[in-house]
Amino acid sequence: MRIAVVGAGNRGSAYARWAADDPQAAVVAVAEPNAARRARFVAEHDIDPALAFADWRDLAAAGRTGEAGKIADAVVIATLDDDHVEPSVAFAEQGYHLLLEKPIARTPDECRLIVAAAEQAGVILAVGHVLRYAPYTTGVKSIIDSGRLGQIVSIQHLEPIGFWHHAHSYVRGNWRDEAASNFALLTKSCHDIDWLQYVMGQSVARVSSFGGLAHFTPEQRPAGATARCVDCPVERTCAYSAPRLYRGLLDGGHHDWPLSAVIDQFTPAALDQALREGPYGECVYAGANDVVDHQVVNLEFANGATGSFTMIAFSEANHRSTRVFGSQGELRCDGETIEIHDFLTRSTERIPVGAFGDHTASGGHGGGDARLVTAFVDAVAAGDPSRILSGGEDSLRSHLTVFAAEHARRTGAVVPVTL
């Protein structure tokens, strides 16, 4: 199975590495505008330079004009969020199967357009909801589905983003500005709203939501703080110091995410220049960001069960944690171990589920990344879309729930979820 990758940043490169480990698959082409990243990707996967492009349109054109037809069987689309629609629709229309990084797109109509394009073309679409594939998800869902907890009455779910992760991605990084990216519940936590619907086996009927930007504002700037960390007299006492984070990663030889988002050449000189000139060296209180740093979403499922989700920046970066409340028992999960408390016997069973890698993108989302890619490769190889847990229809439904929740946060209303 031949795979082309559109967008060789952190997510595209991660999917490609997992695909390259699968004996059924080979990465054969790439489109990436950043020359350094493109060259690194070509070298890592031994790609023919003739199949390495700066623009995805050139890759698509090569498939149309090549003597052997399409240059790949499937395309991984891992561009930035605002550049999903055009390549997704174009490659679907050419008959390429799609693995599309989340979120699907920036608006409900754009999401519907991509899903419809894949359906009309008859190609497999897998959305990058990697949490559905993680081992702990398999464990939690199997217990809920078994009936062991009785009637499921409510579920609580927490995403502790982590103070440094939020500062990196949502204060200094690509997703800090809604106009340039989108609101944080979509860019960060559409994973989690999707996950809740998946493990509950229920769609969401209506939502309410609260939250905002509480801390990363000019009003919270410490006295004496300057525009950049490298020149700041209070940098040593600031938890959000950019030099402390990124120099520590470079000194430790950690050249993957998040450092790879900051520099292409892993040298002290390149990092010093990035800290002095780029967004990742800016003070977190400079005011360049406008996305929320905390949000709660309340959900009512179609069967009347309730749920709550919390996204919080101010935490240690860690696995998601979940509690499920049933009429016969309670389940607790920290991403690595499931605990079940049985009401009848008053006993607690602990089940290790294992996490393959840590909870972060560089750690493979606890095994979710690898399992998603395996499922996608297997589905395409067998022509069997049922092997995909995060297909277009389910993913569209959860995205529409996210859009409804953000509307609820902005208006203060209880908002029904409609397809």
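As shown above, the structure is provided for reference.
Predicted, not measured: the structure shown is a model, and the values here were computed from it.

Colleague: Residue-level account of the sheet that holds strand β13 (residues 337-342), with values.
Modeller: Note on sheets: strands pair through backbone hydrogen bonds, and any given pair is parallel or antiparallel. Ordered in space as β14-β13-β12-β11-β7-β10-β9-β8-β15, the 9 strands form an open sheet in which the pairing is mixed. For this open sheet the edge positions go to β14 (347-352) and β15 (415-416), each flanked by a neighbour on one side alone. With 5 bridges connecting them, strand β12 (residues 329-333) and β13 associate as antiparallel partners. Residue leucine 331 lies in a different strand from β13, and its bridge partner there is isoleucine 340. Running over the sheet, helix α13 (residues 392-411) touches β8 (204-212), β9 (294-301) and β15 and is turned about 50 degrees from β8.

Colleague: How would you sum up the packing of aromatic side chains? Please name residues and give values.
Modeller: Scanning all chains against the criterion turns up 11 aromatic pairs. Ring plane angle 75 degrees and centroid distance 6.1 Å describe the contact between phenylalanine 163 and tyrosine 240, whose orientation is recorded as edge-to-face. Taken together, the residues phenylalanine 163 in helix α7 (residues 163-171) and tyrosine 240 in the loop between β8 and α10 (242-251) connect sequence positions 77 residues apart. Classification of phenylalanine 163 by relative accessible area gives partly exposed; the value is 31%. Where phenylalanine 216 meets phenylalanine 314, the ring centres are 5.5 Å apart and the plane angle is 20 degrees; that geometry is what we call stacked. With phenylalanine 216 in the loop between β8 and α10 and phenylalanine 314 in the loop between β10 (306-312) and β11 (321-326), the pair connects residues that are 98 residues apart, well separated along the chain. Among the residues examined, phenylalanine 314 registers a relative accessible area of 33% and is labelled partly exposed. Ring pairing ties together the aromatic residues Phe163, Phe216, Tyr240, Tyr285 and Phe314, which thus form one cluster. Sitting above the plane of the tyrosine 15 ring, arginine 11 keeps its charged end 4.7 Å from the centroid. In this structure, lysine 141 packs its charged tip against the face of tyrosine 198, placed 4.9 Å from the ring centre.

Colleague: Quick one: what's the story with helix α1 (residues 10-20), residue by residue and with numbers?
Modeller: Along an α-helix, residues three or four positions apart point the same way, because every turn accommodates 3.6 residues. Within the sequence span of α1, burial applies to Arg11, Gly12, Ser13, Ala14, Tyr15, Ala16 and Ala19. On its buried side, α1 packs onto β1 (2-6), β2 (26-31), α2 (35-45), β4 (74-77), β5 (97-100) and α12 (368-382).

Colleague: A description of the side chain of glutamine 197 should follow, citing residues and the corresponding values.
Modeller: Structurally, glutamine 197 can be placed in helix α9 (residues 190-200). Assessed through its relative accessible area of 7%, glutamine 197 is described here as buried. Among the polar contacts made by the side chain of glutamine 197, one reaches the main-chain amide nitrogen of valine 204 at a distance of 3.2 Å. Excluding its chain neighbours within four sequence positions, the residues that come into contact with glutamine 197 are Gln202, Ser203, Val204, Phe301, Arg397, Ser398 and Thr401.

Colleague: Tell me what's going on with the sheet that holds β4, and back it up with residues and numbers.
Modeller: Overall, parallel pairing links the 6 strands, which are arranged β3-β2-β1-β4-β5-β6 in an open sheet. Two strands close off the open sheet at either side, each with one partner strand: β3 (52-53) and β6 (125-127). Here 5 bridges tie β1 to β2, and the two strands are oriented parallel to one another. Of the residues in β2, the one forming a bridge with valine 5 is valine 30.

Colleague: Summarise the nonpolar core; cite the residues concerned and give the values.
Modeller: Membership of the largest hydrophobic core comes to 79 residues, with the highest contact counts inside it found for Phe91 and Val207. Setting aside residues up to four positions removed in sequence, phenylalanine 91 forms contacts with Val6, Trp56, Leu59, Ala60, Val75, Ile77, Tyr96 and Leu98. One finds Tyr15, Ala126, Val130 and Val373 within the second-largest nonpolar core, a separate group that totals 29 residues.

Colleague: Hey, could you go over the pattern of salt bridges for me, with residue numbers and the actual values?
Modeller: Considering all chains together, one arrives at 30 salt bridges under this definition. The closest approach of N and O atoms between arginine 320 and aspartate 192, which form a salt bridge, is 2.8 Å. Taken together, the residues span a long stretch of sequence, with arginine 320 in the loop between β10 and β11 and aspartate 192 in helix α9 at a distance of 128 residues.

Colleague: If you had to explain the packing of helix α5 (residues 108-121) against α13 to someone new, which residues and values would you point to?
Modeller: Remark: α5 packs on α13, axes separated minimally by 10 Å, with the N-to-C direction vectors making an angle of 180 degrees. When the axis of α5 is compared with that of α13, the two are roughly antiparallel. Residues Pro108, Cys111, Arg112 and Val115 of α5 form the contact with α13, whose own contacting residues are Gly392, Glu393, Leu396, His399, Leu400 and Phe403. Looking at the contact of α5 with α13 residue by residue, the class counts come to 6 nonpolar, 2 polar and 2 charged.

Colleague: Help me get a handle on the environment of serine 88, residues and values and all.
Modeller: Tracing the sequence through the fold places serine 88 in helix α4 (residues 85-93). Taking relative accessible area as the criterion, serine 88 reaches 1% and is therefore assigned buried. Separated by 11 residues in the primary sequence, serine 88 and isoleucine 77 place their C-alpha atoms 7.1 Å from one another. One polar contact links the side chain of serine 88 to the main-chain carbonyl oxygen of histidine 84, over a distance of 2.6 Å.

Colleague: Run through the pairing of β10, naming residues and quoting values.
Modeller: Within a regular strand, side chains alternate between the sheet's two faces. Burial along β10 is one-sided: the face carrying Gly307, Phe309 and Met311 is buried and the face carrying Thr306, Ser308, Thr310 and Ile312 is not. Two strands pair when backbone bridges link them, and strand β7 (residues 152-160) and β10 are joined in this way by 7 bridges, in the parallel orientation. By the bridge assignment for β10, isoleucine 155 is matched with glycine 307. The loop that links β9 with its antiparallel partner β10 comprises 4 residues; one of these, glycine 304, has a positive phi angle of about 95 degrees.

Thresholds, definitions, all that
Residues numbered from 1 in each chain as written. Predicted model: local features only at pLDDT ≥ 70, side-chain atom pairs only at ≥ 80, totals over all residues. Heavy atoms only, no water. Pairing = 2+ DSSP bridges. Helix = DSSP H or I, 4+ residues; strand = E, 2+ residues; numbered from the N terminus. Contact = heavy atoms within 4.5 Å. Axes fitted to C-alpha atoms, helices over the stretch in contact; angles between N-to-C directions. Phe/Tyr/Trp six-rings, centres within 6.5 Å; stacked < 30°, edge-to-face > 60°. Buried < 20%, exposed > 50% of the residue type's maximum accessible area, 1.4 Å probe, protein only. Lys NZ or Arg CZ within 6 Å of the ring centre and 35° of its normal. Polar contact = N/O pair within 3.5 Å; in protein donor to acceptor, adjacent residues only side chain to side chain. Core = buried A, V, L, I, M, F, W, Y, C linked by side-chain atoms within 4.5 Å. Salt bridge = Lys/Arg side-chain N within 4 Å of Asp/Glu carboxyl O. Parallel < 35°, antiparallel > 145°, perpendicular 65-115°, else oblique. Nonpolar A, V, L, I, M, F, W, Y, C, P; charged D, E, K, R; others polar.

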